[in-house]
Amino acid sequence: EVILLTTSRRPTRRIRTLCHDLARSIPNVVRINRGKLSLDGIAERALELNADRVIVVDRWKGGPGKIKLFRVEPAGLTPVPPLMYVAGIKLQREFKAGTKAVRSLAVTTAPENPPEIKKIAENLSNFLNFPMSSIDEAASKYQASMHVSHNASGRIQITFMLLPQMVEIGPRITISRVVWENQ
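Residues numbered from 1 in each chain as written. Predicted model: local features only at pLDDT ≥ 70, side-chain atom pairs only at ≥ 80, totals over all residues. Heavy atoms only, no water.

Asker: Tell me what's going on with the overall build of the chain, and back it up with residues and numbers.
Answerer: Regarding its fold elements, the chain presents 4 helices and 10 strands. What you see for the chain is a C-alpha radius of gyration of 15 Å, in line with the 16 Å of a compact globule of 183 residues. With the principal axes as the frame, the chain shows a C-alpha extent of 40 × 35 × 35 Å. Considering the chain as a whole, with its 183 residues, one finds that 51% of them fall into the buried category. (Helix = DSSP H or I, 4+ residues; strand = E, 2+ residues; numbered from the N terminus. Rg over C-alpha atoms; globule rule 2.2 N^0.38 Å. Buried < 20%, exposed > 50% of the residue type's maximum accessible area, 1.4 Å probe, protein only.)

Below is the structure:
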């Protein structure tokens, strides 16, 4: 099972780099350049590549703006919640740790996190098809963690950590808001 990752139609360099980083950080992700492909065109490419899920990183106000998740259905792409609005990103190259491509991943969150954080982590775990785990459990079984938490200013943050060292390797995505109902 493969996940197709692509961008909005006119991606900025940062959006392209974010997609490149995500493809290195999430196993089983195939990144394609969108070009002029419509959503139906993306669905066709997904079927050609045997992908059953699609992630689109959309541009908004010149930067990465939204992360949209889709399932590939015979009729085309069906949105999967949550739709995540991006407040900011920190790319892999902006972290000290050099990284190789991640081969095994778990989705983690701390037990003290509020229900919304747990819900986002669970949905990402289901969508990406990676186990949800505590950091301690993940550290002994997986190479990396996609960690969902709050940052110091109370925003939702998704970041990638190398295990068991707990070194942040990026990318780090700060979410400004999450929309659960289908648009």
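Now, onward.
Asker: Now, about helix H3 (residues 115-128): what can you tell me, with residues and values included?
Answerer: Its 14 residues place the ends of H3 20 Å apart at the C-alpha level, agreeing with the 20 Å of an ideal helix rising 1.5 Å per residue. Listed in full, the buried residues belonging to H3 are Ile117, Ile120, Ala121, Leu124, Ser125, Phe127 and Leu128. (Expected span 1.5 Å × (residues − 1).)

Asker: An account of the packing of aromatic side chains is requested, with residue identities and associated values reported.
Answerer: Summed over the entire model, instances satisfying the criterion amount to 0 aromatic pairs. Above the ring of phenylalanine 95, the side-chain terminus of lysine 90 is found at 4.4 Å from the ring centroid. (Phe/Tyr/Trp six-rings, centres within 6.5 Å; stacked < 30°, edge-to-face > 60°. Lys NZ or Arg CZ within 6 Å of the ring centre and 35° of its normal.)

Asker: Hey, could you go over the pairing of strand E3 (residues 51-60) for me, with residue numbers and the actual values?
Answerer: Buried residues dominate E3, accounting for 7 of its 10 residues. Two elements, strand E1 (residues 2-7) and E3, share 6 bridges in a ladder whose sense is parallel. Each bridged residue has a counterpart across the sheet, and for threonine 6 the counterpart in E3 is valine 56. (Pairing = 2+ DSSP bridges.)

Asker: Could you give an account of the environment of alanine 46, with specific residues and numbers?
Answerer: Checked against the element boundaries, alanine 46 lands in helix H2 (residues 39-48). The exposure class of alanine 46 is buried, given its relative accessible area of 0%. Along the backbone, alanine 46 and valine 72 are 26 residues apart, and their C-alpha atoms lie at a distance of 7.3 Å. When sequence neighbours within four positions are dropped, the list of residues in contact with alanine 46 reads Leu4, Ala51, Val54 and Val72. (Contact = heavy atoms within 4.5 Å.)

Asker: Give a description of helix H1 (residues 13-25) that names residues and reports values.
Answerer: With 13 residues, H1 extends 18 Å between its outermost C-alpha atoms, agreeing within 8% with the 18 Å of an ideal straight helix rising 1.5 Å per residue. Among the residues making up H1, those that are buried are Ile15, Thr17, Leu18, Cys19, Asp21, Leu22 and Ser25.

Asker: Give a description of the nonpolar core that names residues and reports values.
Answerer: Soluble globular proteins tend to pack their nonpolar side chains together in the buried interior. Grouped together as the largest cluster of nonpolar side chains are 38 residues, with contacts concentrated most on Ile26, Leu124, Leu128, Met146, Val148 and Ile173. Take this core: its biggest share by element is 6 residues, from H3. Apart from the residues within four sequence positions on either side, isoleucine 173 is in contact with Leu18, Leu22, Ile67, Val86, Gly88, Ile89, Ile156, Gln157 and Ile158. (Core = buried A, V, L, I, M, F, W, Y, C linked by side-chain atoms within 4.5 Å.)

Asker: Break down empty space enclosed by the protein for me, with residues and values.
Answerer: One way to see where empty space is left: roll a probe the size of a water molecule over the atoms. Taken as a whole and assessed by the stated rule, the structure comprises 1 cavity of 30 Å³ or more. Mapped by element, the contributors of at least two residues to the lining of the largest cavity are strand E4 (63-73) and H3. Its residues assigned to classes, the lining of the largest cavity shows 12 nonpolar, no polar and no charged. (1 Å grid on protein atoms, 1.4 Å probe; cavity = no way out; pocket = protein on both sides within 12 Å on 5 of 7 lines; lining within 4 Å. Points joined across faces, edges and corners; volume = space filled by probe spheres on them. Nonpolar A, V, L, I, M, F, W, Y, C, P; charged D, E, K, R; others polar.)

Asker: So what's going on with the side chain of glutamine 143? Residues and values would help.
Answerer: Relative to the helices and strands, glutamine 143 is located in the loop between helix H4 (135-141) and strand E8 (144-150). Within the structure, glutamine 143 has its side chain in polar contact with the backbone nitrogen of arginine 103 (distance 2.6 Å). When near neighbours in sequence (up to four residues on either side) are disregarded, glutamine 143 contacts Ala101, Val102, Arg103, Ser104, Met161, Leu162 and Leu163. (Polar contact = N/O pair within 3.5 Å; in protein donor to acceptor, adjacent residues only side chain to side chain.)

In short, the description is geometric, and any link to function would need to be established separately.
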